[in-house]
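# What the coordinates show
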Amino acid sequence: MLSIRRQRWEGDSFRVEVPVKAPFNPGTLPQLSDLFRMPASPPPVRRRTQADRSATTRTKIIQATVTLLQTQGYAATTIQRIAKAAGVSLGALQHHYPAKAQIMAMVLRHYALKRTRLYRPAMQHKSEPEQRVDAMLEAMWTLVTEGPDFIATVEIELARRSDPELAAATAPVLARIDQFMTRWLFGRERGQPDPQFVTLRLLNSTFLRGVAIEIARGTPLSDLKEAYQIWCGFSRAELLKIVQETP
């Protein structure tokens, strides 16, 4: 028990009263274990490397370029506007991509990688020709109708006809995309595809570019979907015909 003295003034004198007992509450005092308990150390924060920062900057540049191409068109997508839309300095942009043509080539490469990531699982374990073409056409529809990427690639391809620097920078990427599509239709990783597969790939690509333009013009997707289903029937029949004729 603790002893507490009560004190008070009475007139000109100070009076000390008899001590009274107050209960001792140990709960009001800190426990010994609390005195030595240290806060848990936070997990170590991984510091971003220069490579991380560069990758982030490149991603911002590509995304900004795709959006500008879709909404403003190729001519209005200047490197100054790209830098502003990406939230980076012009110097930082030109450090990664010294010329506009190089940015456009990277946009095409970005689209090619996205297409590959979509096609591979869609066509996995599709051994029959009709299964392959159905899976490929479905993946194509997804690419054309979801997001601005396909419209952006069409803008770039249209601009190539009057921009030799752009044509030279993007030619290898476009050739690679065409090669992949032809081989996916062909159904084999190795071997030279029959020229008819090249023609079928060209027909499919041409139709899809037309769909992209119709989307840009504001044609309802429901109307385009119906037309696309009819096209898929033609494409499937032609593929089966080619497969039957190929030894």
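Residues numbered from 1 in each chain as written. Predicted model: local features only at pLDDT ≥ 70, side-chain atom pairs only at ≥ 80, totals over all residues. Heavy atoms only, no water.

## Re the overall build of the chain
Put simply, the rule is: Note on conventions: DSSP H or I runs of at least 4 residues are helices, E runs of at least 2 residues are strands, and numbering of each starts at the N terminus. When accessible area is computed with a 1.4 Å probe and restricted to protein chains, residues below 20% of their type maximum are described as buried, those above 50% as exposed, and intermediate ones as partly exposed.
The secondary structure content of the chain amounts to ten helices and four strands. When the helices and strands of the chain are placed in sequence order, the string is β-β-β-β-α-α-α-α-α-α-α-α-α-α. Each of the 247 residues in the chain was classed as buried or not, and the buried ones make up 33%.

## Details of helix H9 (residues 195-217)
Counting along an α-helix, one turn takes 3.6 residues, and residues three or four places apart therefore face a common direction. This is how the line gets drawn: A helix's residues, less one, multiplied by 1.5 Å, set its expected span.
Over its 23 residues, H9 extends 33 Å from the first C-alpha to the last, a length consistent with the 33 Å expected when each residue adds 1.5 Å. Buried within H9 are the following residues: Phe-197, Leu-200, Arg-201, Asn-204, Ser-205, Leu-208, Val-211 and Ala-212.

## Section: the packing of aromatic side chains
Here is the rule: Only Phe, Tyr and Trp rings take part, Trp by its six-membered ring, and two of them pair if their centres are within 6.5 Å. Stacked means planes under 30 degrees apart, edge-to-face means over 60, and tilted covers everything else. Criterion for a charge above a ring: Lys NZ or Arg CZ within 6 Å of the ring centre, and within 35 degrees of the ring normal.
Tallied over the full model, the rule gives four aromatic pairs. An aromatic cluster is defined as three or more aromatic residues linked by ring pairs; in this entry it consists of Trp-141, Phe-207, Tyr-228 and Trp-231. Sitting over the ring of Tyr-74, Lys-100 keeps its end group 3.9 Å from the ring centre.

## Notes on the nonpolar core
As a reminder, the rule being used: Remark: nonpolar core denotes a set of buried residues (Ala, Val, Leu, Ile, Met, Phe, Trp, Tyr, Cys) joined through side-chain atoms within 4.5 Å. In this analysis, two residues are considered to be in contact whenever any of their non-hydrogen atoms come within 4.5 Å of each other.
Counting 54 residues, the largest nonpolar core has Ile-61, Leu-93, Tyr-119, Met-140 and Tyr-228 as its most contacted members. Contributions of two or more residues to this core are made by helix H2 (50-72), helix H3 (79-86), helix H5 (100-123), helix H6 (129-145), helix H7 (149-159), helix H8 (164-186), H9 and helix H10 (221-245). Once residues within four sequence positions are removed from consideration, Met-140 is found in contact with Tyr-119, Met-181, Asn-204, Leu-208 and Tyr-228.

## Quick look at the packing of H9 against H10
Going by this rule: Throughout, an axis means a line fitted to C-alpha atoms (over the contacting stretch in the case of helices), and angles, computed between N-to-C directions, take values from 0 to 180 degrees. Orientation labels follow simple angle bins: below 35 degrees gives roughly parallel, above 145 gives roughly antiparallel, 65 to 115 gives roughly perpendicular, and whatever is left gives oblique. Gly falls in the polar group here, along with every residue not listed as nonpolar (Ala, Val, Leu, Ile, Met, Phe, Trp, Tyr, Cys, Pro) or charged (Asp, Glu, Lys, Arg).
Remark: H9 packs on H10, axes separated minimally by 10 Å, with the N-to-C direction vectors making an angle of 175°. Put simply, H9 runs roughly antiparallel to H10. In contact with Gln-196, Phe-197, Leu-200, Leu-203, Asn-204, Phe-207, Leu-208, Val-211, Glu-214 and Ile-215 of H9, H10 contributes Leu-221, Leu-224, Ala-227, Tyr-228, Trp-231, Ser-235, Glu-238, Leu-239, Ile-242, Val-243 and Glu-245. Looking at the contact of H9 with H10 residue by residue, the class counts come to 15 nonpolar, three polar and three charged.

## Quick notes on the pattern of salt bridges
Condition: The salt bridge criterion pairs a side-chain nitrogen of Lys or Arg with a carboxyl oxygen of Asp or Glu, the two atoms within 4 Å.
Under the defined criterion, the tally for this structure stands at four salt bridges. The partner of Arg-209 in a salt bridge is Glu-157, with the nearest N and O atoms 2.9 Å apart. Residue Arg-209 is located in helix H9, and its partner Glu-157 is located in helix H7; the two are separated by 52 residues in the primary sequence. Residue classification places Arg-209 among the partly exposed positions, given a relative accessible area of 27%.

## Some thoughts on the confidence of the model for the chain
The cut-off we apply is this: Scored from 0 to 100, pLDDT records how confident the predictor is in each individual residue.
Looking at the chain as a whole, its pLDDT mean stands at 79, while 76% of the residues score no less than 70. Of all the helices and strands in the chain, strand S1 (residues 2-4) carries the lowest mean pLDDT, 45, while H3 carries the highest, 96. Residue range residues 1-22 is modelled with pLDDT below 50. Its contacts to residues more than four positions away, or to other chains, number 25 contacts.

## Considering the packing of H2 against H7
As a packed pair, H2 and H7 sit with axes 8 Å apart at the nearest point and diverge in direction by 75°. For the element pair H2 / H7, the angle class is roughly perpendicular. Listed contacts from H7 to Val-66, Leu-69 and Gln-70 of H2 are Asp-149, Ile-151, Ala-152, Glu-155 and Ile-156. Class assignment of the residues belonging to the contact of H2 with H7 gives a composition of five nonpolar, one polar and two charged.

## Description of H10
With 25 residues, H10 should cover 36 Å at 1.5 Å per step; its first-to-last C-alpha distance of 35 Å lies within 8% of that length. When we look at burial in H10, the residues that qualify are Leu-224, Tyr-228, Trp-231, Cys-232, Ser-235, Leu-239 and Ile-242.

## Let's talk about the side chain of Arg-115
Quick reminder of the rule: In this charge count, Lys and Arg are treated as positive and Asp and Glu as negative; neither His nor the chain ends contribute.
Along the chain, Arg-115 falls in helix H5. The side chain of Arg-115 is buried and forms no salt bridge, while Asp-178, the nearest opposite charge, is found at 5.8 Å. Those residues in contact with Arg-115, other than ones at most four positions away along the chain, are Leu-143, Phe-150, Ile-177 and Met-181.

## Focus: the environment of Asp-149
Formally: Pairs of N or O atoms within 3.5 Å make up the polar contacts considered here, provided that, within protein, one atom can donate a hydrogen while the other can accept it, and that residues adjacent in sequence are counted only when both atoms are side-chain atoms.
Of note, Asp-149 is situated in helix H7. Linking Asp-149 and Val-66, residues 83 residues apart in sequence, is a C-alpha distance of 6.2 Å. With near-sequence residues (within four places) excluded, Asp-149 lies in contact with Val-66, His-110, Tyr-111 and Lys-114. Among the polar contacts listed, one links the side chain of Asp-149 to the side chain of Lys-114, at a separation of 2.9 Å.

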